[in-house]
Amino acid sequence: MEDGLVGLARLVDHRSVRKRKEFGNAPDAVVAAMRQAIKEGVETSTRNGAYLIWRTGEIIRENGGDLAELPSRRTLYRLLDRLAAGTHATGSAVTRRSTAHGAAALFGELTVSAPGEFMQIDSTPLDVMVRVDDGVVGKVELTGMVDVASRTLTAAVLRPTTKSVDAGVLLARTVTPELTRPGWVDALKMYGSVLPHRRLLTIDERPEHAAAKPVIVPEMIVCDHGKVFVSHDFRASCRFLGDRLPAHAQGLAPRRR
C-alpha cells in the first residue's frame, strides 16, 4: 500500500522492478579503463579489438587494480562493441577523428527577434564542373551568409576555393547597400538616358528587385572551425565593423537550404 503500483509489481514479479546494470556484470573499473583506451586511440593509428582489450588491462594495472577483475574474453568483446558503438574505434581514422571532435550536443534552434541579431556563414562545395576565368575547368565552392531571423541570404560568393578575402567580401556586401556596390553606378546612369532602357530592363527584372534589397548589419556571426572563418583577415574585418565572431557555436548548424 505504501509503494502503490510499484509495490504491487514487486509482489507479483520482482524482476519487473529490478534495476539492471547498463553494461551487465562488467566491473565499473573495467568499463572506465576501456573507455580510456578507446579515447586514447582517437589521434593514433587504427587498432583492432585485441589491442584495445590489452590496453584496457594495462590501464587497470597502471591504476593499481587487479587483473583478476577482468571478465572473460567473450564478455570483453561484447563490452567493447557497446562502448565503441559510433566511435569508429577500429574503423577509418579520418571518420574516428571527425566524430570525436564534433559537437557533443544535438543541433538545435535559436530564438531571435530582430534581423542581424544572429547570422551564420558557411561554405559548401557544389557538385558541378565550371570553367573559371583562366579557362581551367574545375569545381567551385559557394560561401554565403544567412540571417536567421528573416531567413535572408544577405550575400554569397562563388569561388574555386574559398579564401579569407572572400569571407571579407561577404561581410562587406552584407553591410553595403546594393546601389553603392561596384557596378551599380553605371546602371543608374541609364535612368537619365534617352535610350529605351526601361523596356530593356523588363527582359531581366533581377536588377530592379536587387536594388530594393535591405541592408542587414550583423550583431553576431557564427561559423565553424573552417580556416577561412578563423583566419586573421576575416577576424580583423569583423573587429573593424564591431561584430562578434565566435569561432564555433556548439549545437548550432549553419543553414544551407
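Rules and cut-offs
Residues numbered from 1 in each chain as written. Predicted model: local features only at pLDDT ≥ 70, side-chain atom pairs only at ≥ 80, totals over all residues. Heavy atoms only, no water. pLDDT = per-residue confidence, 0-100. Contact = heavy atoms within 4.5 Å. Axes fitted to C-alpha atoms, helices over the stretch in contact; angles between N-to-C directions. Helix = DSSP H or I, 4+ residues; strand = E, 2+ residues; numbered from the N terminus. Parallel < 35°, antiparallel > 145°, perpendicular 65-115°, else oblique. Left-handed = near helix turned anticlockwise from the far one by under 90°. Nonpolar A, V, L, I, M, F, W, Y, C, P; charged D, E, K, R; others polar. Buried < 20%, exposed > 50% of the residue type's maximum accessible area, 1.4 Å probe, protein only. Arc of directions from axis to C-beta.

A separate point is the confidence of the model for the protein. In regions of low pLDDT, the predicted coordinates are not meant to be interpreted in detail. The predicted model of the protein has a mean per-residue pLDDT of 77, with 70% of residues at 70 or higher. In the model, residues 247–251 has pLDDT below 50 throughout and makes 17 contacts with residues more than four positions away in sequence or in other chains. A low-confidence stretch, residues 253–257 stays under pLDDT 50, and its non-local contacts, those more than four residues away or across chains, total twelve contacts.

As a further point, take the packing of helix α6 (residues 164–174) against helix α10 (residues 232–241). Close contact between α6 and α10 brings their axes to 8 Å; oriented N to C, the two are set at 20°. Viewed along their axes, α6 and α10 adopt a mutual orientation that is roughly parallel. In terms of crossing hand, the pair formed by α6 and α10 is right-handed. Between α6, through Ser164, Ala167, Gly168 and Leu171, and α10, the contact on the second element is made entirely by Asp233, Phe234, Ser237, Cys238 and Leu241. Here the residues of the contact of α6 with α10 sort into five nonpolar, three polar and one charged.

This part covers helix α4 (residues 73–83). For α4, every residue scored as buried is listed here: Leu76, Leu79, Leu80 and Leu83. The buried residues of α4 all sit within an arc of 105° when viewed along its axis, so they share a single face. Along α4, exposed side chains directed more than 90 degrees from the buried face belong to Arg74 and Asp81. On its buried face, α4 is in contact with α2 (28–40) and α3 (49–62).

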